[in-house]
Amino acid sequence: MLINVPAGQKCWSFLALSQGLVKSWEGSGRGDVSVPRARGSAYFGGSIRTPGGAGEKAGAAHPARPAGPIAVGTAAKRKWGFSAASLSGSVPPPARGGSCMDRRVLRGLLSLLPPPLHQVGPRMLNPESAPPSKRPRSRLMAPPRIGTHNGTFHCDEALACALLRLLPQYRDAEIVRTRDPKTLASCDIVVDVGGEYDPQRHRYDHHQRSFTETMNSLSPGKPWQTKLSSAGLIYLHFGHKLLAQLLGTNEEDSMVDTLYDKMYENFVEEVDAVDNGISQWEEGKPRYALTTTLSARVARLNPTWNQPDQDTEAGFKRAMDLVREEFLQRLDFYQHSWLPARTLVEEALAQRFQVDPSGEIIELAKGGCPWKEHLYQLESGLSPPATIIFVIYTDLAGQWRVQCVPKELHSFQSRLFSTTRPRMLFPQSEGWLK
């Protein structure tokens, strides 16, 4: 670092001046003088170069007083010292061998600086004298806090917290697990505890007796009537924004709304139903037990009843990681596999009469895609109306495959045998059956 000091003048480091660590050096025209680094100043240190040679270190502490500017360092990282000769903003005459250009440059630099320090007042030199903020400084920089209950955890609040942390505003949020009302009141958002549902205040509990909300009741037009858990509430209020971010598009994109419905129906609704104790059947008992659901796997991350350590904090973090990974994997599948398959089914339906005059057979351009759900949704809008009976495609080995369309989406009964039409035969000469 070099400071250009005319011979016979003194200078101070502006940063050292502001910290009360002021020492002066006087230019003597005999070369460069090394400047020690002042404690607490990342900038102070280097050498002073006078026009005629070295500067002579005065060494004694100097009282803080205003001074004119002296450029320090490179143009990219310009810092300033102060000349003792410029106590009121005036520029000293150039030293012997100097020019009027020095004076004009310094005068121009003065106009860019704040008023001289003696006009500002001594309080500005002390950072502790700055007016206090409305909130403590540490609170201004503190991350948001997501509150939920402590103790045994469940899939719904683990998923709710994990979804919130996928959003930019909650990415670094602190998870506060407690049932203390005062602590929960200090949280920015509370899920699955607190006994209130108030989206204006970001309170999302579903345990209160008065709560009966469903996706259908809070979002008219949506068909699902399963009572929402904290996971469903967070998905309802933040889902479109979350999916738009994860998909790299905007909320108005039709793909967002399509995948929003798909993810709720095939991922979040199950969590809502299990947490609220809603049976999968309206009557009767199930023929077999489901023990590997996402909710069941989350439940097994809790300490067992006879473990010495009953701390649930580590298990809850693992639960959030588990549900976040499952959610992102499912969304990736729907975006890159399930949704492109819809395009193939649309194209196949548009060309069905080129495959067979009956219009009841469609040929998929690529085999192995998830076509059934798309077919049920799209064929209702066909003109003229038609019921597709067969789907044909080639497999990876290039062999033709024929699939009968099921009577219902999850049925094992074929449409072919539920109609009165005669059985259709495919000649082997066409290569369809091997």
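See above for the structure.
First, a word on what this report is: a plain description of the structure on this page. All chains use their own residue numbering, which begins from 1 and follows the written sequence. At least 70 in pLDDT is required for a residue's local features to be given in this predicted model, at least 80 for side-chain atom pairs to be given and counted, and no such filter applies to totals for whole chains, interfaces and linings, which use all residues. Heavy atoms throughout the structure, all of them, feed into the side-chain values; hydrogens and water do not.

## Side note on the overall build of the protein
Line of reasoning, step 1. The way it works is that DSSP assigns letters per residue, a run of H or I at least four long becomes a helix, a run of E at least two long becomes a strand, and they are numbered from the N terminus. In terms of helices and strands, the protein carries 13 helices and 16 strands.
Line of reasoning, step 2. When a residue's accessible area, from a 1.4 Å probe over protein chains only, is under 20% of the maximum for its type it is buried; when over 50% it is exposed; and in between it is partly exposed. Counting only residues that meet the buried cut, the protein has 38% of its 434 residues in that class.
Line of reasoning, step 3. By definition in these notes, contact holds between two residues if any of their heavy atoms fall within 4.5 Å. The long-range fraction of contacts in the protein, counting pairs at least 24 apart against all pairs at least 6 apart in sequence, stands at 58%.
Line of reasoning, step 4. Each accessible area value is a Shrake-Rupley result obtained with a 1.4 Å probe; residue values ignore everything except the protein chains displayed when judging cover. Split by element, the accessible area of the protein, about 25200 Å² in all, is 52% carbon and sulfur.

## Quick word on the pairing of strand β15 (residues 390–394)
Line of reasoning, step 1. Summarising burial for β15: four of the five residues are buried, a large majority.
Line of reasoning, step 2. At least two DSSP bridges between two strands are needed for those strands to be called paired. In this sheet, β15 lies alongside strand β14 (residues 361–363) in parallel orientation, the contact comprising three bridges. From the neighbouring strand, I362 faces β15, where its bridge partner is V391.
Line of reasoning, step 3. Seen with the strands pointing away from the viewer, any crossover whose path from the first strand over the helix to the second strand runs clockwise is right-handed. As for the winding sense of the linkage, the β-α-β connection from β14 through helix α13 (residues 372–378) to β15 is right-handed.
Line of reasoning, step 4. Two elements, β15 and strand β16 (residues 400–404), share five bridges in a ladder whose sense is antiparallel. By the bridge assignment for β16, T394 is matched with W400.
Line of reasoning, step 5. Between β15 and β16, which follow one another and run antiparallel, lie five residues, and G398 among them has a positive phi close to 85°.

## Some details on the sheet that holds strand β11 (residues 189–191)
Line of reasoning, step 1. Across the sheet, which stays open at both edges, the five strands sit in the order β10-β9-β11-β13-β12 with mixed pairing between neighbours. Only two strands of the sheet have a single partner each, and these edge strands are β10 (174–177) and β12 (197–198).
Line of reasoning, step 2. Axis lines are fitted to C-alpha atoms, over the contacting stretch for helices. Their N-to-C directions set the angle, which ranges from 0 to 180 degrees. The strands touched by helix α5 (residues 155–165) within the sheet are β9 (145–148), β10 and β11, with β9 carrying the most contacts at an inclination of about 170°.

## Observations regarding the pairing of β10
Line of reasoning, step 1. Here β9 runs beside β10; their pairing, made up of four bridges, is parallel. Opposite R145, over in β10, you have E174 as the bridge partner.
Line of reasoning, step 2. Crossover β9 to β10 through α5 is right-handed.

## Section: the environment of A244
Line of reasoning, step 1. Take A244: it is sitting in helix α8 (residues 230–247).
Line of reasoning, step 2. Taking the relative accessible area as the measure of exposure, A244 reaches 5% and is therefore buried.
Line of reasoning, step 3. Between the alpha carbons of A244 and V256 there is a distance of 6.1 Å; along the sequence they are 12 residues apart.

## Let's talk about the packing of α5 against helix α11 (residues 313–350)
Line of reasoning, step 1. With their axes 8 Å apart at the nearest point, α5 and α11 run at an angle of 70° to one another. In terms of their interaxial angle, α5 and α11 are classed as roughly perpendicular. When you trace α5 past α11, the crossing you get is right-handed. In contact with C155, E157, A158, L159, C161, A162, L163 and R165 of α5, α11 contributes F316, A319, M320, V323, R324 and F327. We call two directions roughly parallel when the angle between them is under 35 degrees, roughly antiparallel when it is over 145, roughly perpendicular when it lies between 65 and 115, and oblique otherwise. What makes a crossing left-handed is the near helix being turned counterclockwise from the far one by less than a right angle; a clockwise turn instead makes it right-handed.

## Some words on the pattern of salt bridges
Line of reasoning, step 1. The salt bridge definition used is simple: a Lys or Arg side-chain nitrogen within 4 Å of an Asp or Glu carboxyl oxygen. Overall, the coordinates contain 11 salt bridges when judged by the stated rule.
Line of reasoning, step 2. Note that R201 and E196 form a salt bridge whose closest N and O atoms lie 2.8 Å from each other.
Line of reasoning, step 3. A residue is classified by how much of its surface remains accessible, and E196, at 29% relative accessible area, is partly exposed.
Line of reasoning, step 4. Taken together, the shared-partner salt bridges in this structure form one network comprising E196, D198 and R201.

## Quick look at the nonpolar core
Line of reasoning, step 1. Judged by nonpolar contacts, the single largest core of 53 residues is most densely connected at L164, I234, Y235 and F327.
Line of reasoning, step 2. Of all elements in the fold, only α5, β11, α8, α9 (254–275), α10 (294–299) and α11 reach the threshold of two or more residues within this core.
Line of reasoning, step 3. Residues in contact with L164, not counting those within four places in the same chain, are I146, Y170, I189, V191, I234 and F238.
Line of reasoning, step 4. The definition of a nonpolar core used throughout is a set of buried Ala, Val, Leu, Ile, Met, Phe, Trp, Tyr and Cys residues joined through side-chain atoms within 4.5 Å. By size, the runner-up hydrophobic cluster in this structure holds 18 residues, among which are L344, Y376, L378 and L382.

## A short note on the packing of aromatic side chains
Line of reasoning, step 1. Stacked, edge-to-face and tilted are the three classes for Phe, Tyr and Trp ring pairs, Trp counted by its six-membered ring, which pair at centre distances within 6.5 Å; planes under 30 degrees apart are stacked, over 60 edge-to-face, the rest tilted. Going through the model one piece at a time under the given rule, you end up with 12 aromatic pairs.
Line of reasoning, step 2. Here F153 and F316 contribute two aromatic rings whose centre-to-centre distance is 5.7 Å and whose plane-to-plane angle is 70°, an arrangement assigned as edge-to-face. On the criterion of sequence distance, the pair formed by F153 in the loop between β9 and α5 and F316 in helix α11 is long-range, its members being 163 residues apart. Side by side, F153 and F316 carry an identical accessibility label, which is buried.
Line of reasoning, step 3. Measuring from centroid to centroid gives 6.4 Å for Y235 and F327, while their planes differ by 70°, and the two rings are edge-to-face. Of this pair, Y235 sits in helix α8 while F327 sits in helix α11, and the two are 92 residues apart along the sequence.
Line of reasoning, step 4. A relative accessible area of 0% places F327 in the buried class.

## Details of the packing of α8 against α11
Line of reasoning, step 1. Taken N-terminus to C-terminus, the directions of α8 and α11 make an angle of 65°; their axes are 12 Å apart at the nearest point. As α8 runs across α11, the sense of the crossing is right-handed. Here Y235, L242, L243, L246 and L247 of α8 lie close against α11, whose contacting residues are F327, L328, L331 and Q335.

## Observations regarding the sheet that holds β14
Line of reasoning, step 1. Strand order in this open sheet of three strands is β14-β15-β16, and the pairing throughout is mixed. Where the open sheet ends on each side, the last strands, each with one partner, are β14 and β16. Taking each pair of neighbouring strands and ignoring which way they run, the sheet shows an average axis angle of 20°.

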